[in-house]
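These are the residues of each chain, in order.
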2 protein chains.
Amino acid sequence: MPGGLLLDLSGVLYIEDQTIDGAVDSLRRLQQSGLSIRYVTNTTRSPRSRIHQQLTTLGFNLGIDELFTAPMAAHAYLVKHSLYPYMLIHPDLMVEFKDLRKNDDEHNAVLIGDADQDFTYNNMNTAFRKLMQGMPLISMGKNRYFKQQDGLSIDAGAFVTALEYASGTCAIVTGKPQPEFFLSAASSMGCEPHQVIMIGDDIESDINGASETGMQAILVKTGKYRRGDENKFTQPSSSRCLTDINAATDYILD
Amino acid sequence: MPGGLLLDLSGVLYIEDQTIDGAVDSLRRLQQSGLSIRYVTNTTRSPRSRIHQQLTTLGFNLGIDELFTAPMAAHAYLVKHSLYPYMLIHPDLMVEFKDLRKNDDEHNAVLIGDADQDFTYNNMNTAFRKLMQGMPLISMGKNRYFKQQDGLSIDAGAFVTALEYASGTCAIVTGKPQPEFFLSAASSMGCEPHQVIMIGDDIESDINGASETGMQAILVKTGKYRRGDENKFTQPSSSRCLTDINAATDYILD
């Protein structure tokens, strides 16, 4: 058995307001085994409190302090570097960055997350113009797509790439697959990377990101998983692909 | 003197509704010299008829048949390959593609241009989902930005790159810097590439695109030109940088 476990949320435990079959029981089994667990998500459409509330409503039982989110990592980065960004983010997430809000002429960075309907041409152009002034681009993730109940949907990483291309800037990513993100979650459990297993549905942000820090990684075939993703492991010896969170739980507890 | 001339429009002759100082007179001098001229543009916010009308209103005198536009090239490509695309394009440009409109379930491609305010999250997601079904992405250009009176603005190339990144698709570009686009304009003048000079303000789409076909190229320091662009020539021996269309005219007619 490993010492600690990192669990991605959307696509692993649930999709929108539907749990993955058996996920509530599997999570309870993992918790009862004595393993340390942290929940690591690049979701940027909701603040941490709402993600926690949603998990609780779905029947998952965890402490809010066990949730590691990409917006938290972005906030820490911004504070550390005294950055007050123009925020191309979801309106519901603004509450997590309200202490960093400044007037337009005082911005010294651009922050981007999954702004959803706020990815308008005009907002993209505002961000572009600030990048052309030399401001850094801080991105909470660079995910290509995510799973919704009616199919895969384009994710913030696409819009990050658009801004990088237009402005010639390279984004600083604070969420997965940034190594520091995984390492700080592992460190909060008192674990070294080789003692940790990461479970996720995103081959790039979850699996290859974690395995490149020295963790083991389990790709599940739920959520955004697409056939053939298991052929894209960059660390095949420490990565494997299993059906879902239930099969991953059996594997870990066996 | 060369045999033929290719002129980019926005940023070279005008910016929005303002002519570049002296451009009307310079164009008249070029026309009176007996040179063949074609006007080549990746502008995709207006149909060809309106671009021609705009040029006429600004005082430029040219035939509509001398205008080579990226939408024309895209239309020819779509017809040749029997493609009926989902169109992520400017509403004003729809008129040029009305013969290729089909119902949603009959689309077999995605066409993208500068959709301006129609670059919404939902439209981007619709395009993304079609690309994930394996449809090809036809792009009229891949420009990073263009010049407006109040500054540089993010261009369609950014949104093309976003869709490429999210879906893992590589766009087929039909406008500049596609070699076929330059070569067909040259061919319409009865010229070989080495007999042609291209004048533009975009180091990638205009200058390097044309010079790589064997044309000479003149980068002007108006429009979207940014300091240092002249250090990015991929064919330095056949590329040069001059102040504006007036200096380029003097150079050509000397």
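Calculation notes
Residues numbered from 1 in each chain as written. Chains lettered and ligands numbered in written order. Predicted model: local features only at pLDDT ≥ 70, side-chain atom pairs only at ≥ 80, totals over all residues. Heavy atoms only, no water. Pairing = 2+ DSSP bridges. Helix = DSSP H or I, 4+ residues; strand = E, 2+ residues; numbered from the N terminus. Axes fitted to C-alpha atoms, helices over the stretch in contact; angles between N-to-C directions. Contact = heavy atoms within 4.5 Å. 1 Å grid on protein atoms, 1.4 Å probe; cavity = no way out; pocket = protein on both sides within 12 Å on 5 of 7 lines; lining within 4 Å. Points joined across faces, edges and corners; volume = space filled by probe spheres on them. Nonpolar A, V, L, I, M, F, W, Y, C, P; charged D, E, K, R; others polar. Core = buried A, V, L, I, M, F, W, Y, C linked by side-chain atoms within 4.5 Å. Buried < 20%, exposed > 50% of the residue type's maximum accessible area, 1.4 Å probe, protein only. Phe/Tyr/Trp six-rings, centres within 6.5 Å; stacked < 30°, edge-to-face > 60°.

A word on the sheet that holds strand S13 (residues 216-220) of chain A
Residue and element names in this part refer to chain A.
Alright, step 1. Strands sit in the order S5-S4-S1-S12-S13-S14 across an open sheet of six strands; the sheet is parallel. Where the open sheet ends on each side, the last strands, each with one partner, are strand S5 (67-69) and strand S14 (239-242). Within the sheet, the average angular offset between the axes of one strand and its neighbour, ignoring direction, is 25°.
Alright, step 2. Together, strand S12 (196-200), S13 and S14 form the strand contacts of helix H7 (residues 203-211), whose direction differs from that of S13 by roughly 160°.
Alright, step 3. Contacts from helix H8 (residues 245-253) reach strand S1 (4-7), S12, S13 and S14, with the element oriented near 150° to S13.

Describing the layout of surface pockets
Alright, step 1. Computed from the structure, the largest pocket encloses a volume of approximately 620 Å³.
Alright, step 2. For the largest pocket, the lining is made up of 35 residues, of which B:Ser10, B:Thr43, B:Thr44, B:Arg45 and B:Phe146 are closest to its centre.
Alright, step 3. Those elements that place two or more of their residues in the lining of the largest pocket are helix H2 (48-57), strand S9 (145-148) and helix H5 (156-167) of chain B.
Alright, step 4. When the residues that make up the lining of the largest pocket are grouped by side-chain class, the tally is seven nonpolar, 14 polar and 14 charged.
Alright, step 5. Considered as a void within the structure, the second largest pocket measures approximately 490 Å³ in volume.
Alright, step 6. Elements that contribute at least two residues to the lining of the second largest pocket include exactly helix H2 (48-57), strand S9 (145-148) and H7 of chain A.
Alright, step 7. Of the residues contributing to the lining of the second largest pocket, the split by class is three nonpolar, 10 polar and 12 charged.

Overview of the nonpolar core
Alright, step 1. If you look at the biggest cluster of nonpolar residues, it comprises 50 residues, and the most contacted ones within it are A:Leu163 and B:Leu163.
Alright, step 2. Not counting the four nearest positions on each side in its chain, B:Leu163 is found in contact with A:Ile154, B:Leu88, B:Ile112, B:Met124, B:Ala127, B:Phe128, B:Leu131, B:Leu137 and B:Gly168.
Alright, step 3. In terms of nonpolar packing, the next biggest core, distinct from the first, is built from 28 residues, A:Tyr14, A:Leu30, A:Leu35 and A:Leu67 among them.

Here's the deal with the packing of aromatic side chains
Alright, step 1. Using the criterion set out here, one finds eight aromatic pairs over all chains in the structure.
Alright, step 2. Taking 5.9 Å as the distance between ring centres and 35° as the angle between the ring planes, the aromatic pair formed by A:Phe128 and B:Tyr145 counts as tilted. Here A:Phe128 is found in helix H4 (residues 121-132), whereas its partner B:Tyr145 is found in strand S9 on a different chain. Both residues of the pair, A:Phe128 and B:Tyr145, belong to the buried class.

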